[in-house]
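Fold and contact review
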Amino acid sequence: MARSHPERKSSRREEIRSVSEKGMDDSFLGSPEPRQIPSLRIFAIGGAVVIAIALAIAIGVILRNAKSATDVLASGSTATSSGTAQSADSVEMVTVSEATAGATSQTTFSSAIAMDSNPTAATTMDAVTDSAISSVANPATTDSGSGQSVSSVVLTSTGVQATWWASTSDAGGCQLPTATYSSGFTGAIALGDISTLGQLSYTAGYCGQVFQIDCGSGAVNAVVASTCNLGQGNCGIDMITSTWNAATANAAFGSTSCSVSLTSANPLPGTDAVCYYRPTSDFANAYYKLLGVLNTSGRLVASATLDGIAGSVSSGDWYQFQAGANPFSDASVLIFTYTDGSSSTFALSACAQPSGVQIFS
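The present account deals with the structure reproduced in this document. Computed from a predicted structure; not experimentally measured. (Residues numbered from 1 in each chain as written. Predicted model: local features only at pLDDT ≥ 70, side-chain atom pairs only at ≥ 80, totals over all residues. Heavy atoms only, no water.)

1. As for the overall build of the protein
Counted only if it meets this: Helix and strand definitions here come from DSSP, where helices need a minimum of 4 consecutive H or I residues and strands a minimum of 2 consecutive E residues; each element is numbered from the N-terminal end. Relative accessibility decides the category of a residue: with a 1.4 Å probe and only protein chains considered, values under 20% of the type maximum give buried, values over 50% give exposed, and everything between is partly exposed. The contact criterion used is simple: two residues touch if any of their non-hydrogen atoms lie within 4.5 Å. The method behind every accessible area is Shrake-Rupley, applied with a 1.4 Å probe, and residues are considered shielded solely by the protein chains displayed.
Within the protein one finds six helices and 18 strands. Split into buried and exposed, the 361 residues of the protein put 34% on the buried side. At a minimum sequence separation of 6, the contacts of the protein that also span at least 24 residues come to 73%. Per element, the accessible surface of the protein, about 19,300 Å² overall, is 57% carbon and sulfur.

Below you can see the structure in the form of structure tokens.
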């Protein structure tokens, strides 16, 4: 910033300064006295000081701008995975795009869960929303040949002992309800608790799940229909004849080692969760209910309530509910909550009352 000087009052200096102006008539000046050299030196020194101050200010501005630019480059430049530099604007754009995409996916998934988890939803709502959860949480495609969903693997254990069981499953164990089952699996297995199963050792929730078995001759899907030597730690999986033949390429009955996986495939056609009564229970008892759920897309049940009354696991894979002073009714609300936090809701009247236990062959 230029600094102003006090007005010079010397008439002689005014005359000297006016000499430099073009177009002025010499007669106007009269007969000026000789120029005073010391005065000119003072004028020159003053001018030099002004110029120096102006240059200092200009240099200061330039340095400040240069520092700001350096700071921006230092903080705004980001190395990409390929080792090149990416501008701050580019980084911000990518971050915003990723955040937007994430928000969209999260919103879709949350909406599906919120609808499926609605305690007041009717069965028809569950049919729609549970399908929505399956398509978001467990993406699946449709096989054009069988029309069945191609499942994804949820969890795998290797080196599991597998043995031949029998020609068919039995009426004990899981007691899966009679129904029209999917053609997307071959036969059935009984699940044990040998240590090599790890997290796939039998627990409530595995009944009715579809497992994938690979014994070296190609992967085969089978439904968990029973249990095997629980508490003894000496049984991995037992396979009925159709499953054994498919998994071992018709090897002689005996024992082999296989990898075993929980999948997101469903035992019944479609992706809708289905609630049902234990086949051997008393359907008409309004104060006591034994209920289970199938078609959970690989999700395991963590808890269940009926009209707000917490159920307890009974006889393997069902939840038993004991009413208080008020009996249960067709309008009673049944909620299964899964370990991933999602849930399926039904009206009690929608739960299937099977004619018996499904025998797989």
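Having seen the model, we can carry on.
2. Description of helix α6 (residues 241-248)
What counts, and what does not: Here, the arc refers to the directions that run from the helix axis to the C-beta atoms.
Within the sequence span of α6, burial applies to Thr241, Thr243, Trp244, Ala247 and Thr248. The arc that holds the buried residues of α6, viewed along the axis, is 160 degrees, so those residues lie on one side. Considering only its buried residues, α6 is in contact with β5 (153-164), β6 (188-191), β7 (210-214), β8 (219-227), β9 (237-239) and β10 (255-263). Just beyond α6, the residue with positive phi is Ala249, at close to 60 degrees.

3. What to know about the side chain of Thr163
Along the chain, Thr163 turns up in strand β5. In this view, Thr163 contacts Ile237, Asp238, Met239, Trp244, Gly254 and Ser255; residues no more than four positions away in its chain are not counted.

4. Notes on the pairing of strand β13 (residues 301-306)
For a regular strand, the rule is simple: side chains alternate between the two faces of the sheet. To keep it simple, the criterion reads: Note: two strands are recorded as paired if DSSP finds a minimum of 2 bridges between them.
Relative to strand β17 (residues 333-338), β13 runs antiparallel, the two sharing five bridges. Opposite Thr305, over in β17, you have Ile335 as the bridge partner. In terms of strand pairing, β13 meets strand β14 (residues 309-310) through two bridges, oriented antiparallel. Bridged to Leu306 within β14 is Ile309. Between the end of β13 and the start of β14, which pair antiparallel, lie two residues, with Asp307 showing a positive phi angle near 55 degrees.

5. With respect to the pairing of β5
Where β5 and β10 come together, eight bridges link them in antiparallel fashion. Considered in β10, the bridge of Gln161 is made with Ser257. Looking at chain direction, β5 and β9 are connected through three bridges and run parallel. Its bridge partner being in β9, Trp164 is matched across the sheet by Met239.

6. Structural notes on the environment of Ile309
Here Ile309 shows up in strand β14. Beyond its immediate stretch of four places on either side in the chain, Ile309 contacts Ala304, Phe321, Gln322, Ala323, Gly324 and Phe328.

7. A short note on the sheet that holds β6
Put simply, the rule is: Only the contacting stretch of a helix is used when fitting its axis, a line to C-alpha atoms as for every element, and angles between N-to-C directions run 0 to 180 degrees.
Strand order in this closed barrel of six strands is β5-β9-β6-β8-β7-β10, and the pairing throughout is mixed. On average, each strand axis in the sheet is tilted by 45 degrees relative to the strand beside it, whichever way the strands run.

8. Points about the state of the cysteines
Note the cut-off: Defined by distance alone, a disulfide is two cysteine sulfur atoms within 2.5 Å.
In this structure the tally under the stated criterion is four disulfides. With its sulfur 1.9 Å from that of its partner, Cys174 forms a disulfide with Cys207. For the disulfide bridge between Cys174 and Cys207, the dihedral angle about the S-S bond is near -75 degrees, and by the sign convention the bridge is left-handed. One end of the pair, Cys174, is in the loop between β5 and β6; the other, Cys207, is in the loop between β6 and β7, with 33 residues separating them in the sequence. Here the two residues Cys174 and Cys207 agree in accessibility, since each one is buried. Note on cysteine connectivity: Cys228 is disulfide-linked to Cys235, with sulfurs 1.8 Å apart. Looking down the S-S bond of the Cys228 and Cys235 bridge, the torsion is 105 degrees, so its handedness is right-handed. Overall, Cys228 belongs to the buried group, its relative accessible area being 4%. The exposure class assigned to Cys235 is buried, which follows from its relative accessible area of 4%.

9. Side note on the packing of aromatic side chains
So the rule is basically this: To pair, rings of Phe, Tyr and Trp, with the six-membered ring standing in for Trp, must have centres within 6.5 Å; the planes then decide the type, stacked if under 30 degrees apart, edge-to-face if over 60, and tilted in the middle. Ring-over charges, as used throughout, are those where CZ of Arg or NZ of Lys falls within 6 Å of the ring centre and within 35 degrees of the ring normal.
Throughout the structure, instances matching the rule amount to eight aromatic pairs. An angle of 75 degrees between the planes, with centres 5.1 Å apart, marks the rings of Tyr181 and Phe360 as edge-to-face. Here Tyr181, found in the loop between β5 and β6, pairs with Phe360, found in the segment after β18 (343-347); they are 179 residues apart in sequence, far enough to count as distant. Phe360 carries the same exposure label as Tyr181, and that label is buried. Aromatic rings pair up to connect Trp164, Trp244 and Phe253 into one cluster. The ring of Trp318 has Arg278 sitting right over it, with the charged end atom 4.6 Å from the ring centre.

10. A word on unusual backbone geometry
Most peptide bonds adopt trans geometry, and most residues besides glycine take a negative phi value. Unlike most non-glycine residues, Gln175 shows phi in positive territory, near 50 degrees. By secondary structure assignment, the location of Gln175 is in the loop between β5 and β6. Residue classification places Gln175 among the buried residues on the basis of a relative accessible area of 10%.

11. Quick word on the nonpolar core
The cut-off we apply is this: Put simply, a nonpolar core is a bunch of buried Ala, Val, Leu, Ile, Met, Phe, Trp, Tyr and Cys residues held in one set by side-chain atoms that sit within 4.5 Å of each other.
By size, the foremost hydrophobic cluster in this structure holds 44 residues, and its most contacted members are Leu176, Phe211, Ile213, Met239 and Phe360. Of all the secondary-structure elements, those providing two or more residues to this core are β5, β6, β7, β8, β9, α6, β10 and β12 (288-294). Looking at this core, the element that brings in the most residues is β8, giving five residues. In this view, Met239 contacts Ala162, Thr163, Trp164, Trp165, Ala166, Ala188, Ile189, Ile213, Cys215, Trp244 and Ala247; residues no more than four positions away in its chain are not counted.

From the geometry alone we can't say anything about function, so treat these as descriptive.
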